[in-house]
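Results of the structural survey
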Amino acid sequence: MKNMTLENIASACGGRLHFKAPGLTAAGLGFGACEEGELPWTEREASCVVIDSRRLEAGGVFVAARGERVDGHDFIEKAAQSGALGVVCEREPQECRIPYILVEDSFKALRDIAEYYRMQLSIPVIGITGSVGKTSTKEMIAGVLSQGFETLKTEGNFNNEIGLPLTVLRIRPEHEAAVVEMGISDFGEMHLLSRIARPDICVMTNIGQCHLENLGSREGILRAKSEIFDFMNPDGHIFVNGDDDMLLTVKAKGKNRPVRFGMDPANDVYASGVESLGLAGLRAVVHMDTWAFPVDIPLPGAHMVYNALAAAAVGKCLGLSREQIRSGIAGVAAVNGRSHVISLATCTVIDDCYNANPVSMRAAIDLLSAAFTRKVAVLGDMFELGEREREMHGEIGAYCVEKGIDVIICTGELSRFAYEEACRRRGNADCVYYFRTRDEMMSELPGILRQGDSILVKASHGMRFETVVELLQTGFQKIK
């Protein structure tokens, strides 16, 4: 990792570099004798920086941090045995055979180290934020860019104040572009993420209703997410969803005005001729500048068109051809828990259980409504919605009826309001079910479902609905 010596790491995070082990000496920051051909320890660059000792490579730096369940300080000796170059820690180890950097806050040190490392890099970094669709858009953009660049992307949900620096620290000399997801739940958090990522390109997917407990309103959400511009490249580029009323208010930052994408032909990048292929995906024609070309989008749901447009816009910005953009979009695969269509012998499952808010819930219901068989919505609570949480859940129940969902199954304290509104709109409780807990629902689910059903599974992450998906994948011998 470029310039990532222990001295530089200590300086970057404001820590103090110590040497206690026999054979090591602080004189001139030396480490005693080296094997023939080896660099002195002070000149060695870290091979990696991690907070999980299981991911540590020989010559890497282990950041010992105290989590909710595990204290990384308990694994310092294991890191030493694994060949770590050094350790960053909050308290002095009793025994440490390798150098250590003492800091006040290991997580802050991690952020500072990532920021320092980012400053050594010259590759374009694409930062993605928004209320809904960040992960799918990240996958789409990374898929397109991989057609012309060696591209690193955020793994899983590593998009917060811990995950983002770890993602930045995964960038290696072979990488030519990085696509990073940036997620927040409160003011000030995006400012920190922007300082670390320093994006050259910023993409904003939409402004919905999520984290309202902290951010208060859509205006507050926009203000918080706009902190992504705080440390962006002044010569960078901004891409926003032009069909989103809040994002229409985003002004030029630095030398570049926002490039808008969406379905409206008034946008800089737009789609026409959108054709749904049901759960198999969509087709559309992408228009931007003088280009107009067809794309096959292998992920279902009208919202995926927006993700494809964002990817096309970023790809063209970085010099990719139409054919490269088309191939990148066509090759994208769904991520587990996010509109992931699972085709089983007995039914089709739409696994969208990673998280939920009113915007993403409606999008998932829209996706289910495109199915050609009996449509079943298995829905759980949406969290962090603030004062209107009951009303918002009721609106989801009404939306299920409006979109013609055949069977509505609601679970959780808040989802009771979705159940009640669905019953009211339908005029009866026919094929509308309510269960107080997930376990109660799962015990009855096999008796409700039929072979051939198309089944949406959607709730906030805290509902742990991935267990419902597992049941559907393994328990169909019980389904009539």
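I will try to describe carefully the structure that is included in this document. (Residues numbered from 1 in each chain as written. Predicted model: local features only at pLDDT ≥ 70, side-chain atom pairs only at ≥ 80, totals over all residues. Heavy atoms only, no water.)

1. Re the sheet that holds strand β16 (residues 348–352)
Sheet architecture is open: six strands sit in the order β15-β16-β20-β17-β18-β19, paired in mixed fashion. This sheet does not close on itself; its edge strands, each paired only once, are β15 (340–343) and β19 (432–435). Strand-to-strand twist of the sheet, defined as the mean angle between neighbouring strand axes without regard to direction, takes the value 15 degrees. For strand β17 (residues 375–380) and strand β20 (residues 454–458), the ladder comprises five bridges, and the chain directions are parallel. When the sheet's bridge partners are listed, lysine 375 is paired in β20 with serine 454. Packing against the sheet, helix α13 (residues 415–426) makes contact with β17, β18 (407–411) and β19, and its axis sits at approximately 160 degrees to β19. The strands that helix α14 (residues 438–448) touches are β17, β18 and β19; relative to β18, the one it contacts most, it runs at about 160 degrees. (Pairing = 2+ DSSP bridges. Helix = DSSP H or I, 4+ residues; strand = E, 2+ residues; numbered from the N terminus. Axes fitted to C-alpha atoms, helices over the stretch in contact; angles between N-to-C directions. Contact = heavy atoms within 4.5 Å.)

2. Notes on the layout of surface pockets
Looking at the second largest pocket, its volume works out to about 1200 Å³. Lining the second largest pocket are 32 residues, and of these Ile51, Asp52, Arg54, Phe158 and Leu166 lie nearest its centre. For the lining of the second largest pocket, the per-class residue count stands at 13 nonpolar, seven polar and 12 charged. (1 Å grid on protein atoms, 1.4 Å probe; cavity = no way out; pocket = protein on both sides within 12 Å on 5 of 7 lines; lining within 4 Å. Points joined across faces, edges and corners; volume = space filled by probe spheres on them. Nonpolar A, V, L, I, M, F, W, Y, C, P; charged D, E, K, R; others polar.)

3. Regarding helix α3 (residues 106–119)
An α-helix turns once per 3.6 residues; consequently, residues spaced three or four apart project the same way. The terminal C-alpha atoms of α3, which comprises 14 residues, lie 20 Å apart, in line with the 20 Å expected from a rise of 1.5 Å per residue. Taken residue by residue, α3 has Ser106, Ala109, Leu110, Arg111, Asp112, Ile113, Ala114, Glu115, Tyr117 and Arg118 as its buried positions. One side-chain oxygen at the N-terminal end of α3 lies 2.9 Å from the backbone nitrogen of phenylalanine 107; it belongs to aspartate 105. (Expected span 1.5 Å × (residues − 1). Buried < 20%, exposed > 50% of the residue type's maximum accessible area, 1.4 Å probe, protein only. Polar contact = N/O pair within 3.5 Å; in protein donor to acceptor, adjacent residues only side chain to side chain.)

4. Describing the sheet that holds strand β1 (residues 16–18)
Pairing in this open sheet of five strands is mixed, and the strands run β1-β5-β4-β3-β2 from one edge to the other. With partners counted over all chains shown, the strands left at the sheet margins are β1 and β2 (49–50), one partner each. Looking at chain direction, β2 and strand β3 (residues 61–63) are connected through two bridges and run parallel. In the strand pairing of β3, valine 49 is matched with valine 61. In the packing of helix α1 (residues 6–13) onto the sheet, the strands contacted are β1, β3, β4 (86–89) and β5 (100–102), and the crossing angle to β5 comes to about 15 degrees.

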